[in-house]
Amino acid sequence: QTMAFASALPMRAPMSRRRRIEARAADLGKGEGPADVDVRLVFPDGEHRAKVGVLLRNAMKDNNVEVYTTWGKVWNCSGAGQCGLCMVDVLEGEEFLNEKSDHERKKLKGKPASWRLSCQTELVQPGTVRIQNLPQTQ
């Protein structure tokens, strides 16, 4: 009986990350895809641009912004969210980023609330985000 009911429901694939990003861009009233929407990233070493939908870690690497300390370059998990070495301090513009996941909260337990793991932080809408990279060295 359960099987008959379940098979009667139309199967719908989960929305892909790209589709969610495109939907967000459309909600902004611009109708632009992720490749057309910029996020302004301000670091101590300068200002850079990245696209909506990109992970902060990737945007930092693409713009040659230091993601890891010297030891972090050797021991990092390559963006899998396991090592906790790609921490950043979001000084301004948190509303343009995705919400912290339970996993990220667990990894950052005991750290300031404004700290994020750049490998788990997605740029979700256009705006300006001011970031201190390598906050653990400050």
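The preceding data block contains the structure.
The following paragraphs examine the structure supplied in this document.

Cut-off values and rules
- Residues numbered from 1 in each chain as written.
- Predicted model: local features only at pLDDT ≥ 70, side-chain atom pairs only at ≥ 80, totals over all residues.
- Heavy atoms only, no water.
- Helix = DSSP H or I, 4+ residues; strand = E, 2+ residues; numbered from the N terminus.
- Buried < 20%, exposed > 50% of the residue type's maximum accessible area, 1.4 Å probe, protein only.
- Contact = heavy atoms within 4.5 Å.
- Salt bridge = Lys/Arg side-chain N within 4 Å of Asp/Glu carboxyl O.
- Pairing = 2+ DSSP bridges.
- Axes fitted to C-alpha atoms, helices over the stretch in contact; angles between N-to-C directions.
- Core = buried A, V, L, I, M, F, W, Y, C linked by side-chain atoms within 4.5 Å.
- Patch = residues over 30% accessible without salt bridge, like charges linked within 9 Å, V, L, I, M, F, W, Y side chains within 5 Å.
- Areas by Shrake-Rupley, 256 points an atom, 1.4 Å probe, with all protein chains shown as cover.
- Polar contact = N/O pair within 3.5 Å; in protein donor to acceptor, adjacent residues only side chain to side chain.

### Structural notes on the overall build of the protein chain
A tally of helices and strands in the protein chain yields five helices and five strands. Tracing the protein chain from N to C terminus, the helices and strands come up as α-α-β-β-α-α-β-α-β-β. Within the protein chain, buried positions represent 38% of all 138 residues. Across the protein chain, the fraction of contacts at a sequence separation of at least 24, relative to all contacts at a separation of at least 6, is 62%.

### Comments concerning the pattern of salt bridges
Counted under the stated rule, the structure contains six salt bridges. Here D38 makes a salt bridge to K51, at a shortest N to O gap of 2.9 Å. Taken together, the residues D38 in strand β1 (residues 38-43) and K51 in strand β2 (residues 46-51) connect sequence positions 13 residues apart. Here D38 falls in the partly exposed class, since its relative accessible area comes to 31%. We classify K51 as partly exposed; its relative accessible area is 34%.

### Let's talk about the sheet that holds β1
Pairing is mixed across the open sheet formed by five strands, whose spatial order is β2-β1-β5-β3-β4. Both edges of this open sheet fall to β2 and β4 (115-117), since each of them pairs with a single strand only. Each adjacent strand pair in this sheet contributes to an overall mean axis angle of 40°, direction not counted.

### Some thoughts on the nonpolar core
L41, F43, L56, M60, L123, V129 and I131 are the most contacted members of the largest nonpolar core, which totals 25 residues. At the level of secondary structure, the elements contributing two or more residues to this core comprise β1, α3 (56-62), β3 (87-92), β4 and β5 (127-133).

### Section: the environment of G53
With respect to the helices, strands and loops of the structure, G53 is situated in the loop between β2 and α3. Overall, the relative accessible area of 10% leaves G53 in the buried class. On a C-alpha basis, the gap between G53 and N98 in space is 9.7 Å, while along the polypeptide they are 45 residues apart.

### Some words on a nonpolar patch on the surface
Taken together, the side chains of W71, V74 and W75 make up a nonpolar region of the molecular surface, amounting to roughly 440 Å² of accessible area. With respect to the helices and strands, V74 occurs in helix α4 (residues 70-75).

### Brief notes about the environment of D38
Each C-alpha atom of the pair D38 and V52 lies 6.1 Å from the other, and the pair is 14 residues apart in sequence. Setting aside chain neighbours within four positions, we find D38 in contact with R49, A50, K51, P126 and G127. Among the polar contacts listed, one links the side chain of D38 to the side chain of K51, at a separation of 2.9 Å.

### Some details on the side chain of N133
Structurally, N133 is set in strand β5. Among the residues examined, N133 registers a relative accessible area of 13% and is labelled buried. Within the structure, the side chain of N133 is placed 3.0 Å from the backbone oxygen of E66, a separation counted as a polar contact. Not counting residues up to four positions away in its chain, the partners in contact with N133 are F43, P44, M60, V65, E66, V88 and Q138.

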